[in-house]
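# Structural overview
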Number of protein chains: 2
Amino acid sequence: MAKSVKLSHSDELRESSRQQVFDAIREAGQIARIDIAQVTRISPATVTAITADLIAAGLIEEVSPDISRGAKRGRPRVALKIRGDAHTIAGMKLSHHAITTLITDFEGAELVCHEIPLPGGQLDPDALCEKIVTALDESCAQGGLERQQISGLAIGMAGVMDADRNFVYWSSSLNVRNIDFGSYLARYLSIPVFIDNDANLVAKAELLFGEGDKRSNFVVVTVEHGVGMGIVIDNQIYRGARGCGAEFGHTKVQLEGALCQCGQRGCLEAYVGDYALLREANVTSGVERHKDLASLYAAREAGDIMAQSTLDRAGRMFAMGLANVVNIFDPQMILLAGAQLAFGYLSSDKVVHEMRRSVLQVDGPLPEVRVHGWGNKMWAKGAAAHAIEEISALRIREVSGHAV
Amino acid sequence: MAKSVKLSHSDELRESSRQQVFDAIREAGQIARIDIAQVTRISPATVTAITADLIAAGLIEEVSPDISRGAKRGRPRVALKIRGDAHTIAGMKLSHHAITTLITDFEGAELVCHEIPLPGGQLDPDALCEKIVTALDESCAQGGLERQQISGLAIGMAGVMDADRNFVYWSSSLNVRNIDFGSYLARYLSIPVFIDNDANLVAKAELLFGEGDKRSNFVVVTVEHGVGMGIVIDNQIYRGARGCGAEFGHTKVQLEGALCQCGQRGCLEAYVGDYALLREANVTSGVERHKDLASLYAAREAGDIMAQSTLDRAGRMFAMGLANVVNIFDPQMILLAGAQLAFGYLSSDKVVHEMRRSVLQVDGPLPEVRVHGWGNKMWAKGAAAHAIEEISALRIREVSGHAV
DNA sequence: TTATTTTTTTTGAAACTCAAATTAAATAAT
DNA sequence: ATTATTTAATTTGAGTTTCAAAAAAAATAA
């Protein structure tokens, strides 16, 4: 049965020393005990005790004398790293036409990458579950694994959902609303499953695998079919009062503006979403000239004034939406992710410049803007990151009451 | 010297049991040990130990047998409460034309309320410091107190500032930018001083004195001369990457819209701020008809179409801005505070309804909207709340290493 | 070889926390 | 009145966690 990993509120905030040490090791990749002590401000004595427990539990391991920052003399430091073999993890990204699965070890190293097609559109929950099981089993087979060897599976999908409860309010992959999809899946799979919004998974991937030094506060904006957002505060995904997180795509950028999929007017998505762009381009030109964004983008490159105007406005609206997020959140970094960004009209210097111009200035740096034109595989890796984090937390909590 | 109370990051999150117990007592007003144990999920044994320490330190006291929830029989519960005499606290609100000072005891009960006029406009830092000292000394005199008896002073002012460093980036009360006003004041006062944005102080007041049950996530929007915002996440004030918090008034609600004080276009404040309303009303009517909001509001009541249109648009823009905050933050509650709200055009049912209409719907309640038409005195009380919290945290941290 | 340096481990004590037992202080029952 | 019962608060003893200081380990420099 999928194990519920809902923590009590105070536990969530109060990160145990064990977890801190483990996180420090993962963040560094390889790190000696003395450096863990320095980074976490936990005493060397305690670090020794904790790492001994974690090694005994098989979660981390020593690696041959640390080459990196070797001191001239003295006892050489012994680096520690996550033990990749500790667990096998699966991450999945549900997109419009495919399920992409990535099986990784506990360090996040890729073991298997696999993709199966989806009929497209919104599926029946049972049908989707079967597809997910198929995707998982085929991936396992490809890696010579049994399904039961997978310690955890995380699934990322577009839509509004409460990750703590694995509850999907709405998703573009499902034809029903308000479904306890976690329990549903549990009838098909007996391993722990975690479901989350895909933008949050990008955030998780950045937290776990990103180069970020101390980027505790950042915002992820995804642009695919729609526009999504993930917010990280204090190294934790922020999920509002109802647990379903931020709806950046439906922030309003124009009073009584363009009609959105959601039925409201003036949503950002109604200006920058691909369907919105095609709608406008085709309505204004009168004929169905553009079947996809590539076509529209090519027209703009070819000097088509209509196309240019449409894309430019999208860029300005996007800049305005981002500026609002910065004015409200003041993040250290904004990460733009998604395949649509490859077209560049939302991530151009012009857009970034316009965003910066619209942010109230104080002394201090404006947020860095980074762009990732992620393919499906990287989204699946984000999902794997989520599962790794959840399973880590579970196992680390089990490492208690060990005799020294 | 004003003592810096900057905590390390992990300490900030990791609330000690002592602090939890203390907070539970303050939240309840009066509460028996057994109930503290229940509320905090700390064992009765530990609650006994901790409350003994707090009593020894003089921070709390027992009150005669609890009348409230008396059980039929058994040993009667003994309620505990904050010891009002433990500390004397001062809170100040700097507004355009006055400094309002409130001296309270440690429970927040008013001892002295006092106001001195300000010349208005932006002052020289030295001049403002002198005014603050005057305000404090006169208030002390009025209450028969010595300045040194004040354990802490919190000052709320409009503008952008970093409360952790007592650093003011910009304030409508000061004629210089980027000033370490805390150190400045320390030359005039030798008691601990805390400076914060006034919207955050409203949030603190709500946290400390509000009826809120478990409102861990809420947003305060203040409307006075400008528009301010305070964000509370997990019972803590959220201060972005640069420590200066949210700039709701400068979120953009219109591409290339009305010109704002800040030099940018389309800011919310440029549509709902009092100066913006008067500007528009007077420009459109051609003559200087309205000298203040009261006049404009009266005109609208009298059926003036211009006035009505101006105020209506302000309301719609405000609703749009609020909706954006809800879409991004998903707070449990929105608290509208400020004298301007008395005019009602920003807090009408129509505005609230429009805001709700603009929020993406999921199953689950939309945020409650509450309105406080606070006068200066209540702002000062918010400041006092801030000082009480800071001083509490300081003293509680001192209560360590007591023998049982 | 010996001294020095640096990392890691061991050791002993302090601080916290809690379960279980005990004590305290009331009412209900006899 | 006295005893039983009930509920709150406290004490006790033990288990964890953490750290400072001391000791041990493992290298290089002299």
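Residues numbered from 1 in each chain as written. Chains lettered and ligands numbered in written order. Predicted model: local features only at pLDDT ≥ 70, side-chain atom pairs only at ≥ 80, totals over all residues. Heavy atoms only, no water.

### Side note on the overall build of chain A
What counts is decided by this rule: Where helices and strands are cited, they refer to DSSP runs of H or I of at least four residues and of E of at least two residues respectively, numbered from the N terminus. For a compact globule the rule gives 2.2 Å times the number of residues to the power 0.38, and the radius of gyration it is set against comes from C-alpha atoms. A 1.4 Å probe rolled over the protein chains alone gives each residue an accessible area, and that area as a share of the maximum for its type sets the label: buried under 20%, exposed over 50%, partly exposed in between. The convention is simple: Lys and Arg are positive, Asp and Glu are negative, and His and the chain ends are not counted. Where a charge lies is defined by one atom per residue type: Lys uses NZ, Arg uses CZ, Asp uses CG and Glu uses CD.
From N to C terminus, chain A includes 13 helices and 15 strands. By the compact-globule yardstick of 22 Å for 404 residues, chain A fits well, its C-alpha radius of gyration being 23 Å. Per-residue burial for chain A yields a buried fraction of 56% across its 404 residues. Here chain A carries 41 positive and 49 negative side-chain charges, and the mean point of each set is 4 Å from the other.

### Considering helix α5 (residues 125–142) of chain B
Residues and elements named next belong to chain B. Let me state the cut-off plainly: For a helix, the expected span equals 1.5 Å multiplied by the residue count minus one. Directions pointing from the helix axis toward each C-beta atom define the arc. Whether two residues are in contact is decided by their heavy atoms: any pair within 4.5 Å suffices.
Its 18 residues give α5 an end-to-end C-alpha distance of 26 Å, which sits within 8% of 26 Å, the value for a rise of 1.5 Å per residue. Every buried residue of α5 is accounted for by Pro125, Leu128, Cys129, Ile132, Val133, Ala135, Leu136, Ser139 and Cys140. Projected onto a plane normal to the axis of α5, the buried residues spread over an arc of 160° and lie on a single side. Here the buried face of α5 lies against β4 (88–94), β5 (98–105), β6 (110–117), β7 (150–157) and α6 (181–186). Note on α5: the residue one or two positions beyond its end, Gly144, has a positive phi of about 65°.

### Overview of the sheet that holds strand β11 (residues 218–223) of chain A
Residue and element names in this part refer to chain A. We apply this condition: Pairing between strands requires that DSSP locate at least two bridges from one strand to the other.
With mixed pairing, the five strands of this open sheet are ordered in space as β13-β12-β11-β14-β15. Only two strands of the sheet have a single partner each, and these edge strands are β13 (236–237) and β15 (368–372). Strand direction decides the pairing type here: β11 and strand β12 (residues 227–233), joined by six bridges, are antiparallel. Among the inter-strand pairings, Val219 is bridged to a residue of β12, identified as Ile231.

### Examining helix α10 (residues 293–301) of chain A
Residues and elements named next belong to chain A. Those residues of α10 not exposed but buried are Leu293, Leu296 and Ala299. With its buried residues spanning 125° around the axis, α10 presents them on a single face. Residue Gly303 follows α10 closely and has a positive phi angle near 95°.

### What to know about the interface of chain A and chain B
Selection criterion: Two parts placed together each lose some accessible area under a 1.4 Å probe, and the buried area is that loss summed for both. Counted as a polar contact is a pair of N or O atoms within 3.5 Å, where, for protein atoms, one must be capable of donating a hydrogen and the other of accepting one, and residues adjacent in sequence contribute only when both atoms are in side chains.
In this assembly, 54 residues from chain A lie in contact with 54 residues from chain B. For the pair chain A and chain B, the two sides together bury roughly 4,800 Å², of which 57% comes from carbon and sulfur. It is Arg242, Leu255 and Ile328 of chain A in chain A that bury the most area against chain B; as a group they hold 17% of the surface buried on that side. Summed over the shared surface of chain A and chain B, the result is 16 residue pairs in polar contact (both at pLDDT 80 or more). Every element with two or more residues in the side of chain A that touches chain B is listed here: α1 (9–13), β12, α11 (305–329) and α12 (349–357) of chain A. Here the element with the most residues in the side of chain A that touches chain B is α11 of chain A; it accounts for eight residues.

### Comments concerning the protein's contact with DNA strand D
Rules: Proximity is defined per residue: any heavy atom of the residue falling within 4 Å of a molecule or strand makes that residue near it. Under the scheme applied, nonpolar residues are Ala, Val, Leu, Ile, Met, Phe, Trp, Tyr, Cys and Pro; charged residues are Asp, Glu, Lys and Arg; polar residues are all the others, including Gly.
The immediate surroundings of DNA strand D are formed by 23 residues, with Ser17 and Arg73 of chain A together with Gly74, Arg75 and Arg77 of chain B found nearest. Of what DNA strand D places within 4 Å of the protein, 76% of the atoms are sugar or phosphate. Measuring from a phosphate oxygen of DNA strand D, one finds a side-chain N or O atom of Ser17 of chain A at 2.6 Å. Arg75 of chain A is positioned such that a nitrogen or oxygen atom in its backbone is 3.2 Å from a base nitrogen of DNA strand D. Those elements that provide at least two residues to the surface near DNA strand D are α2 (17–28) and α4 (44–56) of chain A together with α3 (33–40) and α4 (44–56) of chain B. Among the elements that make up the surface near DNA strand D, the one with the highest residue count is α4 of chain B (three residues). In terms of residue class, the surface near DNA strand D is built from eight nonpolar, six polar and nine charged.

### Quick word on the packing of aromatic side chains
Heads up, the condition is: When two rings of Phe, Tyr or Trp (its six-membered ring) have centres within 6.5 Å they constitute a pair, described as stacked for plane angles under 30 degrees, edge-to-face for angles over 60, and tilted for the intermediate range. Geometrically, a charge over a ring is one whose NZ (Lys) or CZ (Arg) sits within 6 Å of the ring centre while staying within 35 degrees of the ring normal.
Summed over the entire model, instances satisfying the criterion amount to twelve aromatic pairs over all chains. Both rings, one in Phe167 of chain B and one in Tyr169 of chain B, keep their centres 5.3 Å apart while their planes meet at 65°; by these two values the pair is edge-to-face. We classify Tyr169 of chain B as buried; its relative accessible area is 6%. In this structure, Arg187 of chain A packs its charged tip against the face of Tyr184 of chain A, placed 4.5 Å from the ring centre.

### Quick notes on the protein's contact with DNA strand C
Lining the immediate environment of DNA strand C, one finds 25 residues, of which Gly74, Arg75 and Arg77 of chain A together with Ser17 and Arg73 of chain B sit closest. Among the atoms of DNA strand C lying within 4 Å of the protein, the sugar-phosphate backbone contributes 76%. Taking Arg73 of chain B, its side chain carries an N or O atom lying 2.4 Å from a sugar or linking oxygen of DNA strand C. Those elements that provide at least two residues to the surface near DNA strand C are α3 (33–40) and α4 of chain A together with α2 (17–28) and α4 of chain B. Grouping the amino acids of the surface near DNA strand C by side-chain chemistry returns nine nonpolar, seven polar and nine charged.

### Things to note about the relation of the copies chain A and chain B
Basically, it comes down to this: Residues reaching a pLDDT of at least 70 in both copies supply the C-alpha atoms on which the copies are superposed by least squares.
Once chain A has been moved 0.1 Å along the axis and rotated by 180°, it coincides with chain B to within an RMSD of 0.1 Å. Expressed as an axis order, the relation between the two copies is that of a two-fold axis. Comparing contact sets, 100% of the residues at the interface of chain A also lie at the interface in chain B, consistent with an isologous, same-surface contact.

### Structural notes on the confidence of the model for chain A
Close inspection of predicted coordinates is inappropriate in any region flagged by low pLDDT. Residue and element names in this part refer to chain A. Stated formally: You can read pLDDT as the predictor saying how much it trusts each residue, on a scale of 0 to 100.
Taken as a whole, chain A shows an average pLDDT of 87; of its residues, 91% reach a score of 70 or greater. Across chain A, the secondary-structure element scoring lowest on mean pLDDT is α1, at 38, and the one scoring highest is strand β4 (residues 88–94), at 97. Scored below 50 in pLDDT, residues 1–13 makes 18 contacts in the model with residues more than four places away or belonging to other chains.

### What to know about the sheet that holds strand β3 (residues 79–82) of chain B
All names here are of chain B. Stated formally: For helices, the fitted line uses only the C-alpha atoms of the stretch in contact; every axis is such a line through C-alpha atoms, and the angle between N-to-C directions lies from 0 to 180 degrees.
The strand order β1-β3-β2 describes an open sheet built from three strands, whose pairing is antiparallel. Each edge of the open sheet carries a strand with a single partner, namely β1 (31–32) and β2 (60–63). Two strands pair when backbone bridges link them, and β2 and β3 are joined in this way by four bridges, in the antiparallel orientation. Paired with Glu61 across the strands is Lys81, a residue of β3. Taken strand by strand, α2 contacts β1, β2 and β3, and its axis lies near 95° from that of β3. Relative to the sheet, α4 contacts β2 and β3, its axis offset from that of β2 by approximately 105°.

### Comments concerning the environment of Glu280 of chain B
Residue and element names in this part refer to chain B. Looking at where Glu280 falls in the secondary structure, it is placed in helix α9 (residues 274–285). Along the primary structure Glu280 and Leu311 are separated by 31 residues, whereas in three dimensions their C-alpha atoms are 10.0 Å apart. Residues contacting Glu280, with those up to four places away along its chain left out, are Thr310 and Arg313.

### Thoughts on the packing of helix α7 (residues 198–209) of chain A against helix α13 (residues 376–398) of chain A
Residues and elements named next belong to chain A. Stated formally: Small angles under 35 degrees read as roughly parallel and large ones over 145 as roughly antiparallel, with 65 to 115 read as roughly perpendicular and the rest as oblique. Handedness of a crossing follows from how the near helix is turned relative to the far one, being left-handed for an anticlockwise turn of less than a right angle and right-handed for a clockwise one.
Relative orientation of the contacting elements α7 and α13 amounts to 70°, with a least axis distance of 7 Å. Viewed along their axes, α7 and α13 adopt a mutual orientation that is roughly perpendicular. Of the two elements, α7 crosses α13, and the hand of that crossing is left-handed. Of the residues in α13, those in contact with Asp198, Ala199, Leu201, Val202, Lys204, Ala205, Leu208 and Phe209 of α7 are Trp379, Lys381, Gly382, Ala383, Ala385, His386, Ile388 and Glu389. Here the residues of the contact of α7 with α13 sort into ten nonpolar, two polar and four charged.

### Some details on the pattern of salt bridges
Formally: Only one rule defines a salt bridge in this text: a Lys or Arg side-chain nitrogen within 4 Å of an Asp or Glu carboxyl oxygen.
Counted under the stated rule, the structure contains 40 salt bridges over all chains. Lys81 of chain B is the partner of Glu107 of chain B in a salt bridge, and the nearest nitrogen-oxygen pair spans 3.2 Å. On the criterion of sequence distance, the pair formed by Glu107 of chain B in the loop between β5 and β6 and Lys81 of chain B in strand β3 is long-range, its members being 26 residues apart. Owing to a relative accessible area of 35%, Glu107 of chain B belongs among the partly exposed residues under this scheme. Note that Glu206 of chain B is salt-bridged to Arg370 of chain B, the shortest N-O span being 3.1 Å. Placement of the pair is Glu206 of chain B in helix α7 (residues 198–209) and Arg370 of chain B in strand β15 (residues 368–372), with a sequence separation of 164 residues. If you follow the salt bridges from partner to partner, you end up with Arg300, Glu301, Asp312 and Lys350 of chain A in one network.

### Some points on unusual backbone geometry
All names here are of chain A. Non-glycine residue Asn178 carries a positive phi angle of around 50°. Looking at the secondary structure, you find Asn178 in the loop between β9 (167–171) and α6 (181–186). Asn178 gets classed as partly exposed once you look at its relative accessible area, which sits at 30%.

### Quick word on the nonpolar core
So the rule is basically this: Working definition of a nonpolar core: buried Ala, Val, Leu, Ile, Met, Phe, Trp, Tyr and Cys residues. They are joined through side-chain atoms within 4.5 Å.
With 92 residues, the main nonpolar core has Val221 and Phe318 of chain A together with Val221 and Phe318 of chain B as its most contacted residues. Those residues within four positions of Val221 of chain B in sequence are excluded, and the remaining contacts are Val227, Gly228, Met229, Phe248, Phe318, Leu322, Leu335, Leu336 and Ala337 of chain B.

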